[in-house]
Amino acid sequence: MFDNLSEKFSEAFKNVSGKGKISESNIEETMKLVKTALLEADVNFKVVKSFVNNVKEQALGEKVIKGVNPGEQFVKIVHDELAKVMGDENTTLNIDGAGPTPVLIVGLNGQGKTTFSGKLSLFLRNKDKKKSLLVPADTFRPAAKDQLKTLANSMDMDFFDSDLGKHPKDIAADAMAYAKENNYDVVIIDTAGRLHVDEELMGQIREVRESLSSYEPEVLMVADAMTGQEAVNVAKSFHETVGLTGVVLSKMDSDARGGAALSIKHVTGVPIKFISIGEKMKDLELFHPDRLAGRILDMGDVLSLVEKAEDAIDKNDAENMMKNLEKGKFTVDDFMKQMDMMKNLGSMGSILKMIPGMGGMLRQIGDLSPAEEEMKRMRVIINSMTKQERQDYKIIKESRIERIAKGSGNTIAQVKDFIAKFKQMEKMMGGMMQMMKGGGMPGMPGMPGGMPGGMPGMPGMGKPKKKRKKGGPWGGGFF
């Protein structure tokens, strides 16, 4: 997300990086580039003007902190101001009152309201242990009811069989009565998409909102992050008519320009509460302005990465793997579990962007899909091994290699290549354990054309955008 904006900021900061002090001239040149980058990202011009003025004022009035690089100090100022523009801190849903809380999902057609409704129910169950009821209230598109029912069934979530012949406010009333009787915590009401300029339809959604006023409902507008400034205008109209309590940005996994995320709170006063970062039901995150500012500025987002890891990684598997490593043992099964953990965390690119400084390296490397394809191919090879072979790869001789190759649809050479690289990984993991025990920096195997040692379970990344060499998409390394 925000790849273009991140790259532009990186270019702009070259004017102040490595400088002994921040001067008016280098700040002026940097802020010109920042201003252009923000406008190209479709950020509201009033937001851009306010942001640029505030950064200049702070940077020129800032005393250089002893021991802190002036360029780094300037980046910190930009980071804090970006976070401030987007809302300073995460604003959570108000769903802890007595009785069921309705969450009304509104927005234009095709913005992802129904999908978000399903994602939110799963998020609340996993994170907050809330019992949710999914309620279809789109009386214009009957297929939306089937879509929501399919999502509910796939997640083993409860679904309310609405009568779409009724007015949406009556559907909401029926659902709330049912939720009270059956002790639900949250009632998620998926409404029809409507144009913000259609007074009749906007009046209808206002009626639904007013009918739920005694429950103090959450009213979330789902907006496509790729629509930029238009999403801000739509949010403003919905807020004036319905009274929003929050905004959800969908399709944030695309190379969104950033205009919506950087403008909505400042222009409308409505906080962004969630961002949708993929197609899977689990791909929903709380919106943290400071963390997103860090991602934009290539400062990483370690907190979100840790949170993802806590959800995705099986503690028992991790503990067993550590016990094996302490005994100097690293098996193919262990490696398979590492790949599964990575897969649960998300795409390779999305993970690496959360590590400080990796954004710029990823831009140089380019397409990561060859490495991800290599991981899929290796997974097939491992699945063609017996349990005994996964525990001790050294028993794999010629006849076994031939069987694994046939079973996985790979060549004998490819299977041998995998085994040779696994030996390299085994040696590296052993070296890492020595280091953890205080044995100093291990002699990790050099990865031709890649980062020395790479990362456990991840590809050694080669020299950027060079022709692929035999044996791995990055010209060496594990993959």
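In this text, all values refer to a predicted model and were calculated from it rather than measured experimentally.

Q: I'd like to hear about the pattern of salt bridges, residue by residue, with values.
A: Taken as a whole and assessed by the stated rule, the structure comprises 21 salt bridges. Here Arg141 and Asp138 are joined by a salt bridge, their closest N and O atoms 3.8 Å apart. Assessed through its relative accessible area of 39%, Arg141 is described here as partly exposed. Classification of Asp138 by relative accessible area gives buried; the value is 7%. In this structure, the salt-bridge partner of Asp161 is Lys145, at a minimum N-O distance of 2.6 Å. In this pair, Asp161 is assigned in the loop between strand S3 (158–159) and helix H7 (168–181) and Lys145 in helix H6 (residues 142–155), connecting sequence segments 16 residues apart. Bridged by salt links that share partners, the residues Glu389, Arg400 and Arg403 form one connected network.

Q: Residues and numbers for the packing of aromatic side chains, please.
A: When we look at a pair of aromatic rings, we describe it by the centre distance and by the angle of the planes. Enumeration over the complete set of coordinates arrives at 10 aromatic pairs. Where Phe160 meets Tyr178, the ring centres are 5.5 Å apart and the plane angle is 55°; that geometry is what we call tilted. Taken as a pair, Phe160 in the loop between S3 and H7 and Tyr178 in helix H7 lie far apart in primary sequence, 18 residues in all. Classification of Phe160 as buried rests on a relative accessible area of 13%. Geometrically, the ring pair formed by Tyr393 and Phe422 is edge-to-face, given 5.2 Å between the ring centres and 75° between the ring planes. In this pair, Tyr393 is assigned in the loop between helix H18 (387–391) and helix H19 (398–408) and Phe422 in helix H20 (residues 412–436), connecting sequence segments 29 residues apart. With a relative accessible area of 8%, Tyr393 lands in the buried category.

Q: Provide a residue-level description of the pairing of strand S2 (residues 132–137), including the pertinent values.
A: On a regular strand, one side chain projects to one face of the sheet and the next to the other, so that they alternate. Extensive coverage of S2 is indicated by the burial of 6 of its 6 residues. On S2, burial covers both faces: Ser132, Leu134 and Pro136 on one face and Leu133, Val135 and Ala137 on the other are all buried. In this structure, S2 lies alongside strand S4 (residues 186–191), joined through 6 bridges in parallel fashion. The residue of S4 that forms the bridge with Leu133 is Val187. Examined bridge by bridge, S2 and S3 share 2 bridges and lie parallel to one another. When the sheet's bridge partners are listed, Leu134 is paired in S3 with Phe159. For the crossover that starts at S2, traverses H6 and ends in the parallel S3, the hand is right-handed.

Q: Quick rundown of unusual backbone geometry? Include the residues and the values.
A: The residue Asp156 is not glycine, and still its phi comes out positive at about 55°. Take Asp156: its relative accessible area is 67%, and that puts it in the exposed class. A positive phi angle, close to 50°, is found at Glu216, a residue other than glycine. Of the residues examined, Glu216 reaches a relative accessible area of 57% and is grouped as exposed.

Q: Please provide a residue-by-residue account of the sheet that holds S4, values included.
A: Pairing in this open sheet of 8 strands is mixed, and the strands run S3-S2-S4-S1-S5-S6-S7-S8 from one edge to the other. Of all the strands in the sheet, the pair left with one neighbour each is S3 and strand S8 (284–286). Of the pairings in the sheet, the one linking strand S6 (residues 246–250) to strand S7 (residues 272–276) comprises 3 bridges and is parallel in character. Across the sheet, residue Val248 finds its bridge partner in S7, namely Phe274. On the sheet, H7 packs against strand S1 (101–106), S2 and S4 and is oriented at approximately 160° with respect to S2. Against the sheet, helix H9 (residues 229–241) makes contact with S1 and strand S5 (218–224), and its axis sits at roughly 160° relative to S5, the strand it touches most.

Quick notes on the rules
Residues numbered from 1 in each chain as written. Predicted model: local features only at pLDDT ≥ 70, side-chain atom pairs only at ≥ 80, totals over all residues. Heavy atoms only, no water. Salt bridge = Lys/Arg side-chain N within 4 Å of Asp/Glu carboxyl O. Buried < 20%, exposed > 50% of the residue type's maximum accessible area, 1.4 Å probe, protein only. Helix = DSSP H or I, 4+ residues; strand = E, 2+ residues; numbered from the N terminus. Phe/Tyr/Trp six-rings, centres within 6.5 Å; stacked < 30°, edge-to-face > 60°. Pairing = 2+ DSSP bridges. Right-handed = clockwise from strand over helix to strand, strands pointing away. Contact = heavy atoms within 4.5 Å. Axes fitted to C-alpha atoms, helices over the stretch in contact; angles between N-to-C directions.

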